Amino acid sequence: MKKILVTGALGQIGSELTGMLRRIYGEDKVIATDLREPEGDFGPFEVVDVTNGEQLYDVAKKHKVDSVMHLAALLSAKAEAFPKMAWDINMGGLLNALETAKELDLKFFTPSSIGAFGPSTPRDQTPQDTLQRPTTMYGVNKVSGELLCDYYHSRFGVDTRGVRFPGLISYVAPPGGGTTDYAVEIYYEAIRKGAYESYISKGTYMDMMYMPDALNAIVKLMEANPNKLVHRNAFNIAAISAAPEDFAKAIKKHMPDFKMSYSVDPIRQSIADSWPNSISADAAAAEWGFEAKYDIDRMTTDMLSKVRKKIN
Ligand code: NAD
């Protein structure tokens, strides 16, 4: 990759990914784009609505990029609230980004999600290739997107690559309306109030990952030797399988008085119940050397110290 366009660059992943890519490839080699203007100086930036294919194509062409990282999307909880809008942004935006990649011969990355699985998927150590019958609009979008990326590779030769992200945890940008957002909020509330009321019930396991592992995975996959890739899109990647009480336990090691309570949100709980408990990242490890460095304790130590500094 020499020059990269990022869509949805002001979101939870994009705001950190853009900074990391600029450190690796150079400040002017990363064109950040989003629906709205950034606050303050964000480096090279263009407003792009991904549902406008012409606008996306024109900006990619103008900056002579050779790669696109397509992050713009509506996340799981928001997509359930606005299903039609989710289809338009998640599928329409993806199709426009793939068309731009096809026309301009760009390398292409887009993330899928553990939301691409459903209640009939094996729940523990979910394999790379398995049953995918999701019951949420977000999940329907993500499975369709995985297939569309495979199609653009096999039919048009576009160099598409992607991962299925678990819930991502970070202290930099706030999460954008996903089901695993509690795993970020809990650290802020621990520092602010010493207590957290979880909208996900005790015993609900989901996969999570600390943002540095997620960002490293993106770059490693994009730089991987294509001859070694058996899969291309939607690689399972995993680091932490945890339920709300596991976060509470990890926080209590630093803050023994931390209190956890529960007030379950039925919509987000039903989304969580349809997702796996833990997924297997064996294919990603074998094909491009994926590995995660942060477990829940190491992540908790870092999150608590970074959130404390941010708030105080
Ligand atoms: P986010 O909600 O934080 O950010 C999405 C960004 O897209 C926002 O800045 C928003 O302004 C922008 N956007 C929305 N509609 C747009 C449009 N029409 N045109 C241009 N920009 C638009 O999301 P995120 O957490 O950064 O997620 C990025 C990608 O990663 C998504 O595909 C998401 O499904 C996937 N993902 C995220 C997680 C997670 O835990 N964050 C987990 C799995 C997969």
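Residues numbered from 1 in each chain as written. Predicted model: local features only at pLDDT ≥ 70, side-chain atom pairs only at ≥ 80, totals over all residues. Heavy atoms only, no water.

J.: Please clarify how the site of the ligand should be interpreted in this entry.
T.: Gln 12, Ile 13, Asp 34, Tyr 138 and Leu 168 are the nearest of the 26 residues found near the ligand. Here a nitrogen atom of the ligand sits 2.9 Å away from a polar atom, N or O, in the side chain of Asp 49. The side chain of Lys 142 places a nitrogen or oxygen atom 2.9 Å from an oxygen atom of the ligand. Here the ligand loses 91% of its free accessible area of 830 Å² to cover by the protein chains. When contributions to the shell around the ligand are tallied by element, the ones reaching two or more residues are helix H1 (12–25), strand E6 (112–113), helix H5 (137–156) and strand E9 (167–169). Within the shell around the ligand, the residues separate by chemical class into 15 nonpolar, 7 polar and 4 charged. (Near = heavy atom within 4 Å. Polar contact = N/O pair within 3.5 Å; in protein donor to acceptor, adjacent residues only side chain to side chain. Areas by Shrake-Rupley, 256 points an atom, 1.4 Å probe, with all protein chains shown as cover. Helix = DSSP H or I, 4+ residues; strand = E, 2+ residues; numbered from the N terminus. Nonpolar A, V, L, I, M, F, W, Y, C, P; charged D, E, K, R; others polar.)

J.: Explain helix H8 (residues 244–252) here, please?
T.: Helical geometry note: an α-helix holds 3.6 residues per turn, so side chains three or four residues apart project in the same direction. Every buried residue belonging to H8 is among Pro 244, Phe 247, Ala 248, Ala 250 and Ile 251, and all of these are buried. Along the axis of H8, the buried residues cluster in a sector spanning 165 degrees; they form a single face. (Buried < 20%, exposed > 50% of the residue type's maximum accessible area, 1.4 Å probe, protein only. Arc of directions from axis to C-beta.)

J.: Help me understand the packing of aromatic side chains in this model?
T.: Two aromatic rings are characterised by how far apart their centres lie and by the angle between their planes. A complete count under the given rule lists 10 aromatic pairs for this structure. Ring centres of Tyr 151 and Tyr 152 lie 6.1 Å apart, and the angle between their planes is 75 degrees; on these two criteria the pair is classed as edge-to-face. Owing to a relative accessible area of 38%, Tyr 151 belongs among the partly exposed residues under this scheme. For Tyr 152, a relative accessible area of 5% gives the class buried. (Phe/Tyr/Trp six-rings, centres within 6.5 Å; stacked < 30°, edge-to-face > 60°.)

J.: Would you explain the sheet that holds strand E2 (residues 30–34) in this entry?
T.: The strands making up a sheet associate through hydrogen bonds between their backbones, and the pairing can be parallel or antiparallel. Judged by pairing direction, the sheet is parallel, and its 6 strands sit side by side in the order E3-E2-E1-E4-E5-E7 without closing on themselves. Two strands in the sheet have a free side with no partner beyond their single neighbour: strand E3 (45–47) and strand E7 (160–161). Bridge count for strand E1 (residues 4–7) against strand E4 (residues 67–70) is 4 bridges, and the pairing is parallel. Residue pairing in the sheet places Leu 5 in a bridge with Val 68 of E4. Along the sheet, H1 makes contact with E1, E2 and E4, crossing E2 at roughly 165 degrees. Contacting E1, E2 and E3, helix H2 (residues 53–62) runs over the sheet at an angle of about 155 degrees to E1. (Pairing = 2+ DSSP bridges. Contact = heavy atoms within 4.5 Å. Axes fitted to C-alpha atoms, helices over the stretch in contact; angles between N-to-C directions.)

J.: Teacher, can you tell me more about the nonpolar core here?
T.: Nonpolar side chains in soluble globular proteins tend to end up buried together. Met 69, Ile 169, Tyr 187, Phe 247, Trp 288 and Met 299 are the most contacted members of the largest nonpolar core, which totals 79 residues. The contact partners of Trp 288, leaving out residues within four places of it in the chain, are Val 163, Ala 217, Lys 220, Leu 221, Ala 224, Leu 229, Phe 235 and Ile 237. Ranked by size, the runner-up nonpolar core spans 19 residues in total, among them Ala 60, Val 65, Cys 149 and Val 158. (Core = buried A, V, L, I, M, F, W, Y, C linked by side-chain atoms within 4.5 Å.)

J.: Would you mind going over the domain arrangement of the protein chain with me for this structure?
T.: Often, the extent of an interface is quoted as the loss of accessible area on bringing the components together. Partitioning the protein chain into structural domains gives domain 1 (4–165 + 209–236) and domain 2 (169–207 + 239–311). Its C-alpha centre places domain 1 at a distance of 23 Å from the equivalent point of domain 2. The partner domain 2 presents 40 residues to the 39 residues of domain 1 that form the contact. Between domain 1 and domain 2 the total buried area reaches about 3400 Å² when both faces are included, carbon and sulfur atoms providing 58% of it. (Domains from an automatic or database assignment. Buried area = accessible area lost by both parts, 1.4 Å probe.)

J.: How should the environment of Phe 108 be read in this particular structure?
T.: With respect to the helices and strands, Phe 108 occurs in strand E5 (residues 107–109). Judged by relative accessible area, Phe 108 falls into the buried class, the value being 0%. Residues Phe 108 and Cys 149 lie 41 residues apart in sequence; the distance between their C-alpha atoms is 8.9 Å. Among all residues touching Phe 108, those that are not within four sequence positions of it are Val 68, His 70, Leu 94, Ala 97, Leu 98, Ala 101, Cys 149, Val 158, Asp 159, Thr 160, Arg 161 and Met 222.

J.: Is there a simple way to think about the side chain of Ser 274 in this case?
T.: Checked against the element boundaries, Ser 274 lands in the loop between helix H9 (266–273) and helix H10 (282–288). Judged by its relative accessible area of 4%, Ser 274 falls in the buried class. In this structure the side chain of Ser 274 is engaged in a polar contact, spanning 2.8 Å, whose partner is the backbone oxygen of Ile 271. If we ignore the near neighbours within four places in the chain, the residues touching Ser 274 are Phe 117, Gly 118, Pro 119, Thr 135 and Thr 136.

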